[in-house]
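So the chains spell out like this:
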Amino acid sequence: MKITKPINFQNVEVLSQVLNRERGLRERFSLEIPERDAANGIYAAMKADVEFRGGSFSFDDNTRSYILAAARWLINPGATPGLMLCGLYGNGKTTLAKAIARLVEYVTEQEKGYGGRRVMKFITAKNICRLCAAGEKFKEQYDDYERLFSEPMMIIDDLGEEPLEVMVYGMIHTPLVDLISERYANQRLTIITTNLEVGDLKEKYGSRIYDRLQEMLTPIVFENDSYRTQRRKNNNTLAHEEQ
C-alpha cells in the first residue's frame, strides 16, 4: 500500500502525540475549583450524609487527612483516573466516596444547570455480580450489567465482598475482573472502596489485575478504627452512667 503523505518515523514524540489524537485523548474529569473549596465541599457532604443517618460526624486528624488527599486528587486533571479507599470496615470509606460524588453532582449542576450535572454511578461489588448472574433469567438485568462498562464515572463499593466467579448460560464470568480491566483500558474515572489489604487483593484477583489497580488508582489508606464501633461504645458508656 502506498502512503500518500510522508510519515516522520524519526520524531517519536510528535508521532506519539499524533497517534494519541487519532484514538482520542484521555479526558480525566476534574473540578476546576481551589483545593480548599474542594476539601470544604467534601467535608460538608460527609457531614450531611452522617447526620442524615442520625449520626454525629467526627472531624478528627485522620478524617482531615483523607479529605485533603481526596480533594487534591479531585481537582488535579493529571492525576490517576481513580481512587482506592482501603482500610477496616466502618471508618468512613464509603461516606467519603459518596461525598465526592455528591460534590461533583452539586458543583456541575450549579455551573451548567441540571442538564450539565455529572452523576457518578454507585454500586456495590456484590450487586455487580448479581446483575451479571441474573442475566441467565432476566435479560434486562444483564443489560444493566453491560451498561456498567460504559459508565463514565463510577464508585465500586466493598470490593472483595463478592464472589470472584458467576455462571451465566453455562459459562464462567468474572464480573469484577472484566469490569476493572475495561475501566483500566479506557481510563474511566473509578473510585473503589475495600476492606481488603494489599496481599489479599493480589491473592483474590491475581497479579495482572492487582498491577492495573496500582497504576489506575491513587490509594488513600484509612488507619482509624470503626466510627460505628466507637459510637456504640460511647452509647454504652452513657447508658451505664445513667444507671
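All values derive from a computational prediction rather than experimental measurement.

### Re the pattern of salt bridges
Summed over all chains, the structure comprises six salt bridges. Between Arg147 and Asp144 there is a salt bridge, with its nearest N and O atoms 2.3 Å apart. With Arg147 and Asp144 both in helix α6 (residues 139-147) and three residues apart, the pair spans about one turn of that helix.

### Remarks on the packing of helix α3 (residues 61-75) against helix α4 (residues 93-112)
For any two helices packed against each other, one specifies the crossing angle of their axes together with the interaxial distance. Between α3 and α4, the least distance of the axes is 11 Å, while the angle of their chain directions is 40°. The angle between α3 and α4 falls in the class oblique. Where α3 crosses over α4, the handedness of that crossing is right-handed. On the side of α3, the interface is formed by Tyr66, Ala70, Trp73 and Leu74, while α4 contributes Leu96, Ile100, Leu103 and Val104. For the contact of α3 with α4, a count of residues per class yields eight nonpolar, no polar and no charged.

### Focus: the sheet that holds strand β3 (residues 153-159)
Pairing between the strands of a sheet is mediated by backbone hydrogen bonds and can be parallel or antiparallel. What the five strands build is an open sheet, ordered β2-β3-β6-β1-β7; its pairing is parallel. Of all the strands in the sheet, just β2 (121-124) and β7 (217-222) have a single pairing partner and so form its edges. Mean inter-strand twist for the sheet, computed between neighbouring axes without regard to direction, equals 15°. By the bridge criterion, five bridges tie β3 to strand β6 (residues 189-194) in an arrangement that is parallel. When the sheet's bridge partners are listed, Leu159 is paired in β6 with Thr194. Sheet strands in contact with helix α8 (residues 198-216) are β1 (82-87), β3, β6 and β7, and its direction is about 115° off that of β7.

### Points about the nonpolar core
Of all hydrophobic cores here, the largest spans 34 residues; its most connected members are Ile42, Leu96, Ile100, Met120 and Ile191. Per element, the largest residue contribution to this core is eight residues, and it comes from α4. Residues in contact with Leu96, not counting those within four places in the same chain, are Ile42, Met46, Tyr66, Ala70, Leu85 and Phe222. Grouped together as the second largest cluster of nonpolar side chains are 31 residues, Cys129, Met154, Leu159 and Met216 included.

### Some details on the side chain of His173
Within the secondary structure, His173 is located in strand β5 (residues 171-173). Setting aside its immediate chain neighbours within four residues, His173 contacts Cys132, Tyr142, Leu164, Glu165, Val166 and Val168.

### Describing the layout of surface pockets
In this model, the second largest pocket occupies a volume close to 310 Å³. Lining of the second largest pocket is provided by 17 residues; of these, Met84, Cys86, Val198, Leu201 and Pro219 occupy positions nearest its centre. At the level of elements, β1, α8 and β7 are the ones that each hand at least two residues to the lining of the second largest pocket. Looking at the lining of the second largest pocket, the element that brings in the most residues is α8, giving five residues. Among the residues making up the lining of the second largest pocket, the classes are represented as 12 nonpolar, three polar and two charged.

What counts and how
- Residues numbered from 1 in each chain as written.
- Predicted model: local features only at pLDDT ≥ 70, side-chain atom pairs only at ≥ 80, totals over all residues.
- Heavy atoms only, no water.
- Salt bridge = Lys/Arg side-chain N within 4 Å of Asp/Glu carboxyl O.
- Helix = DSSP H or I, 4+ residues; strand = E, 2+ residues; numbered from the N terminus.
- Axes fitted to C-alpha atoms, helices over the stretch in contact; angles between N-to-C directions.
- Parallel < 35°, antiparallel > 145°, perpendicular 65-115°, else oblique.
- Left-handed = near helix turned anticlockwise from the far one by under 90°.
- Contact = heavy atoms within 4.5 Å.
- Nonpolar A, V, L, I, M, F, W, Y, C, P; charged D, E, K, R; others polar.
- Pairing = 2+ DSSP bridges.
- Core = buried A, V, L, I, M, F, W, Y, C linked by side-chain atoms within 4.5 Å.
- Buried < 20%, exposed > 50% of the residue type's maximum accessible area, 1.4 Å probe, protein only.
- 1 Å grid on protein atoms, 1.4 Å probe; cavity = no way out; pocket = protein on both sides within 12 Å on 5 of 7 lines; lining within 4 Å.
- Points joined across faces, edges and corners; volume = space filled by probe spheres on them.

Read these as geometric descriptors, not functional statements.
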